[in-house]
There are 2 protein chains.
Amino acid sequence: MKIGIYGYGNLGRGVELAVRQNSDEELIGIFSRRDPSAVKTLTGVPVYSADNILDFKGKIDVLVICGGSATDLPLMTPRLAADFNVVDSFDTHAKIPDHFENVDRAAKSGGNVALISAGWDPGMFSLNRLYASSILPDGKDYTFWGRGVSQGHSDAIRRINGVIDARQYTVPSEDALASVRAGNNPELTTRQKHTRECYVVAEPGADLERIEREIKTMPNYFSDYDTTVTFISEEELKRDHAELPHGGFVIRTGKTGMNGEHKHVIEYRLQLESNPEFTASAIAAFARAVYRMSGRGNTGCKTVFDIAPSDLSILKPEELRAKML
Amino acid sequence: MKIGIYGYGNLGRGVELAVRQNSDEELIGIFSRRDPSAVKTLTGVPVYSADNILDFKGKIDVLVICGGSATDLPLMTPRLAADFNVVDSFDTHAKIPDHFENVDRAAKSGGNVALISAGWDPGMFSLNRLYASSILPDGKDYTFWGRGVSQGHSDAIRRINGVIDARQYTVPSEDALASVRAGNNPELTTRQKHTRECYVVAEPGADLERIEREIKTMPNYFSDYDTTVTFISEEELKRDHAELPHGGFVIRTGKTGMNGEHKHVIEYRLQLESNPEFTASAIAAFARAVYRMSGRGNTGCKTVFDIAPSDLSILKPEELRAKML
């Protein structure tokens, strides 16, 4: 199975490494919008200009598109799905239906399979919401994120005047988690579910009180949360906050029985030391499914909900039944 | 979707209740090997003799077979799969490959879909082993069971001379769980993973020391475990141990990165107040998938690994994408 990577940021580098862990996958090359001669890869795999991607039509089994959801993927995925089997990690939940339609049209026109929104949320968390709600129809589900770095929130802080760099951690509330696990079906406000911890490097002489106020009152990002702001040095940021951990919980509680007398809790938890590398690892598995589905004559846009689990594994169906069932 | 239940024990009663929670499913009847007039159902659904099941060919969309794995299902599922779409919860892991082959032949001969080994283990735990190992190829997985009642172990104690009744709880070791979650990849012996708690009602005047010794030294069931035996009265057993709770954990830890420098933990946990009702709830969802797959012209034996998750949900694919992805 020949894999290409289109876009070479944190996620692209993760896919580069993840492919090495799957013995049936081979990385053909990285396609970058930057000057290929200026891109240094982790593993020495060749870099090509994104402009030349069509030269590789028929030579790549699955192209993994590693662009941003805001502006890159809505254009890239439909365009590339016309010529390649593709996987993306589109994560703007509200815009998934539109993205699906656009990609579906393109993929069908080219006779390709395009999997959108692969990763962990959307992705594995979505799957767990679906499985759990199908099994326990009379129930309620909760998604908590963290403890982990939110790159969107970190970027929002960096845009404040006087801020050099910042790292924002989303932290799930232990009290809220305990109440959900106990089957209390609590109604939780945004503020009750998560807190936000900000580590900020300010310019020398900057007005720290103003920066803290601007962070805590920022609408959408921070104003609905209990937010703490800690000013640190650039050295401390590099030393203590260089990684991109993340994770979270999908929990569904539900009732069964003659009168709902039996409670059940289904909990799925991820603790990830590297968000992009884990997302990439999920993508590497889903790329296998795309390849197999395409080989069976499938076309069009798919999501993780459409993938039979056995298509994700390097093992044969009879091995899976013998070893994992 | 018209559902039939073949066999009416704890699991059959669970399916009877679970079907009520799924508005697209309707229970046609229960088929029992006992005299139908002697079987009282929970919801007043009609009871028929199992001997007359073929009268219902073409009138049942999915037949849920609720027999035991030791002797019932190996015969029942192949026989019934020739005439009906079926679901069973066959759970003798070592014999799944043989069972699959027998059921596959029968289901294909009749043009039906037969899903075997649905439930939580095998079932949801199997799915989580598959997903997690596909995403983190360089890793190790662990399954812990409990805290919950093992009916097989409870039965084994009841067969001892002088024992009136008994309830055995399988308990996962907190130390072992903590070590696994920390990513230490421990090699754990049977004794290190679980302990066994036995609550025993003995006959008046029975030799309690002998009973305790016979339990603790029983091969396969107890001799490899740290086992505690507590003698209680029949009243205490009824009051404190009437329920059938169960659950457990599937945990996979794995590494990614240039040199495996990032650890990840994927954890799936079930806490179930009623083992048979939760198993039945999973079966009710998988019955929906069997019905849909049959409607698309699929035939043969399937396992949970072959089911695209979207087929489990009462929601339409576009609703799933909008609400759950």
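Coordinates for the structure precede this section.
Sequence order as written defines residue numbering, which begins from 1 separately in each chain. Ligands are numbered from 1 and chains lettered from A, in the order in which they are written. Only residues with pLDDT of 70 or above have their local features reported here, since the model is predicted, and side-chain atom pairs are shown and tallied only from 80 upward, although totals for entire chains, interfaces and linings are computed over all residues. With hydrogens and water excluded, all non-hydrogen atoms of the structure serve as input to the side-chain values.

## Structural notes on the sheet that holds strand 8 (residues 148-149) of chain B
Residues and elements named next belong to chain B.
Next, step 1: Two strands form a pair only when DSSP identifies at least two bridges running between them. Counting from the N terminus, the helices are the DSSP runs of H or I reaching at least four residues and the strands are the DSSP runs of E reaching at least two. Pairing is mixed in the open sheet, where four strands are placed in the order 8-9-10-11. Two strands lie at the open edges of the sheet, namely strand 8 and strand 11 (226-231), each paired on one side alone.
Next, step 2: As paired strands, strand 10 (residues 194-202) and strand 11 are joined by six bridges and run parallel to one another. Paired with valine 200 across the bridge in strand 11 is phenylalanine 231.
Next, step 3: Should any heavy atoms of two residues lie within 4.5 Å, those residues are counted as being in contact. Here an axis means a line fitted to C-alpha atoms, over the contact stretch when the element is a helix, while the angle between two N-to-C directions is reported on a 0 to 180 degree scale. Sheet strands touched by helix 8 (residues 208-216): strand 9 (163-172), strand 10 and strand 11. Its angle to strand 11, the strand with the most contacts, is close to 150°.

## Some points on empty space enclosed by the protein
Unoccupied space between atoms shows up once a probe the size of one water molecule is rolled over them.
Next, step 1: Here the term cavity refers to a set of points on a 1 Å grid, laid over the protein atoms alone, in which a 1.4 Å probe fits but cannot get out; the term pocket refers to an open set having protein on both sides within 12 Å along at least five of seven lines, with lining residues being those that place an atom within 4 Å of a point. Grid points are joined across faces, edges and corners, and a volume is the space filled by probe spheres set on the points. Per the stated rule, a full pass over the model turns up two cavities of 30 Å³ or more.
Next, step 2: Of the volumes computed, that of the largest cavity is approximately 50 Å³.
Next, step 3: For the largest cavity, the full set of lining residues is Met124, Leu127, Asn128, Tyr131 and Tyr268 of chain A together with Met124, Leu127, Asn128 and Tyr131 of chain B.
Next, step 4: When residues of the lining of the largest cavity are traced back to their parent elements, those giving at least two are helix 4 (124-135) of chain A together with helix 4 (124-135) of chain B.
Next, step 5: A class-by-class count of the residues in the lining of the largest cavity yields seven nonpolar, two polar and no charged.
Next, step 6: Put simply, the second largest cavity is a space of about 40 Å³. Three classes are used, and their members are as follows: Ala, Val, Leu, Ile, Met, Phe, Trp, Tyr, Cys and Pro are nonpolar, Asp, Glu, Lys and Arg are charged, and the others, Gly among them, are polar.

## So, the interface of chain B and chain A
Next, step 1: With 64 residues of chain B at the contact, the number on the chain A side is 65 residues.
Next, step 2: Buried area: the accessible surface (1.4 Å probe) lost by two parts on joining, summed over both. Interface area, chain B with chain A, both sides summed: about 6100 Å², of which 61% is carbon and sulfur.
Next, step 3: Looking at the side of chain B facing chain A, the largest losses of area belong to Tyr131, Arg321 and Leu325 of chain B, adding up to 13% of the total buried there.
Next, step 4: Salt bridge, as used here: a side-chain nitrogen of Lys or Arg that lies within 4 Å of a carboxyl oxygen of Asp or Glu. The tally of links from chain B across to chain A stands at zero salt bridges.
Next, step 5: Distance and chemistry together define a polar contact, namely a pair of N or O atoms within 3.5 Å, with one atom able to donate a hydrogen and the other to accept it when in protein, and with adjacent residues in sequence counting only for side-chain atoms on both sides. For the pair chain B and chain A, the number of links is 28 residue pairs in polar contact (both at pLDDT 80 or more).
Next, step 6: The set of elements that each furnish at least two residues to the side of chain B that touches chain A consists of helix 1 (10-20), helix 3 (96-110), helix 4, strand 12 (246-256), strand 13 (262-272), helix 10 (275-295) and helix 11 (317-323) of chain B.

## Observations regarding the packing of aromatic side chains
Next, step 1: Pairing of aromatic side chains here covers Phe, Tyr and the six-membered ring of Trp, requires ring centres within 6.5 Å, and sorts the geometry by plane angle: under 30 degrees stacked, over 60 edge-to-face, intermediate tilted. Taken as a whole and assessed by the stated rule, the structure comprises 13 aromatic pairs over all chains.
Next, step 2: A centroid spacing of 5.7 Å and a plane angle of 80° characterise the contact between tyrosine 169 of chain B and tyrosine 199 of chain B, whose relative ring orientation is edge-to-face. Of this pair, tyrosine 169 of chain B sits in strand 9 while tyrosine 199 of chain B is found in strand 10, placing the two residues 30 residues apart along the sequence. Of the two residues, tyrosine 169 of chain B and tyrosine 199 of chain B, neither departs from the other in class, the shared state being buried.
Next, step 3: In this structure an aromatic cluster arises from ring pairing among Phe31, Tyr48 and Phe56 of chain A.
Next, step 4: Sitting over the ring of tyrosine 8 of chain A, arginine 13 of chain A keeps its end group 5.5 Å from the ring centre.
Next, step 5: By the criterion adopted, a ring carries a charge over it if an Arg CZ or a Lys NZ lies within 6 Å of its centre and within 35 degrees of its normal. We note arginine 147 of chain A situated over the ring of tyrosine 169 of chain A; from NZ or CZ to the ring centre the distance is 4.3 Å. Burial here depends on accessible area, computed with a 1.4 Å probe over protein chains only, as a share of the maximum for the residue type. Under 20% is buried, over 50% is exposed, and the range in between is partly exposed.

None of the figures reported here should be taken as evidence of function without further support.
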